[in-house]
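Descriptive analysis of the structure
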Amino acid sequence: MDETREILERAGVPVGAPRPPPTALPDAAALRLAVRDSMHRPEVCPTEALLAWLSGFAHHWPEGFARVLGEGGHTAIGVLAARPVDRNKYLKLRRIAIENLARCV
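Residues numbered from 1 in each chain as written. Predicted model: local features only at pLDDT ≥ 70, side-chain atom pairs only at ≥ 80, totals over all residues. Heavy atoms only, no water.

**As for the overall build of the protein chain**
- Within the protein chain one finds 6 helices and 0 strands.
- Along the chain direction, N to C, the helices and strands of the protein chain fall in the order α-α-α-α-α-α.
- A globule of 105 residues ought to have a C-alpha radius of gyration of about 13 Å, and the protein chain, at 12 Å, matches this closely.
- Dimensions of the protein chain, computed from the C-alpha atoms along their principal axes, are close to 30 × 30 × 30 Å.
- Relative to its full complement of 105 residues, the protein chain shows a buried share of 44%.
- By sequence separation, contacts in the protein chain at least 24 residues apart represent 71% of the contacts at least 6 residues apart.
- When the accessible surface of the protein chain is split by element, carbon and sulfur atoms take 55% of a total near 5,600 Å².
- When the 14 positive and 12 negative side-chain charges of the protein chain are each reduced to one mean point, those points stand 4 Å apart. (Helix = DSSP H or I, 4+ residues; strand = E, 2+ residues; numbered from the N terminus. Rg over C-alpha atoms; globule rule 2.2 N^0.38 Å. Buried < 20%, exposed > 50% of the residue type's maximum accessible area, 1.4 Å probe, protein only. Contact = heavy atoms within 4.5 Å. Areas by Shrake-Rupley, 256 points an atom, 1.4 Å probe, with all protein chains shown as cover. Lys, Arg positive; Asp, Glu negative; His and termini not counted. Charge placed at Lys NZ, Arg CZ, Asp CG, Glu CD.)

Below, the structure is given as structure tokens:
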């Protein structure tokens, strides 16, 4: 499995098969690298999944988002939001992402 995808899955990004929610976020530096890498590799993490997780994190836990992802997180949201997305898929994945984040942020 791709290390970037593995880190994102451990953080609760809703990609792949359903799994138990995380109890803690991965190391912040590793998570920042995974987000930066995956926003340019949609084959690793679909745009809707990463955008849903990032936007849910930024909206519900802005201080945690700033601490963990910083300005790079906001940059990633901008890049991903400019792409065409399946709005229904995005909304479903955002709900799942928020549920996952609620247990570990």
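Next comes the rest of the account.
**Section: helix H2 (residues 28-38)**
- Among all positions in H2, only Leu31, Ala34, Val35 and Ser38 are buried. Viewed end-on, H2 has its buried residues packed into an arc of 100°, placing them on one side of the element.
- For H2, the secondary structure elements touched by its buried residues are helix H1 (3-11), helix H3 (47-60), helix H4 (62-68) and helix H5 (70-81).
- One side-chain oxygen at the N-terminal end of H2 lies 3.3 Å from the backbone nitrogen of Ala29; it belongs to Asp27. (Arc of directions from axis to C-beta. Polar contact = N/O pair within 3.5 Å; in protein donor to acceptor, adjacent residues only side chain to side chain.)

**A few points about the side chain of Thr47**
- Mapped onto the elements of the fold, Thr47 is located in helix H3.
- Among the polar contacts made by the side chain of Thr47, one reaches the side chain of Arg83 at a distance of 3.3 Å.
- Those residues in contact with Thr47, other than ones at most four positions away along the chain, are Pro42, Leu80, Arg83 and Val85.

**Points about the packing of aromatic side chains**
- All told, the structure shown has 2 aromatic pairs when counted by the stated rule.
- Summarising the aromatic geometry, the rings of Trp53 and Phe57 are spaced 5.4 Å apart at their centres and angled 70° between planes, so their arrangement reads as edge-to-face. Placement of the pair is Trp53 and Phe57 together in helix H3, with a separation of 4 residues, close to one helical turn. Judged on exposure class, the residue Trp53 and its partner Phe57 are both buried.
- With centroids separated by 5.4 Å and ring planes inclined at 85°, the aromatic side chains of Phe57 and Phe65 adopt a geometry described as edge-to-face. As far as burial versus exposure is concerned, Phe57 and Phe65 are alike and both buried.
- Here a set of aromatic residues connected by ring pairs shows up, and it is made of Trp53, Phe57 and Phe65. (Phe/Tyr/Trp six-rings, centres within 6.5 Å; stacked < 30°, edge-to-face > 60°.)

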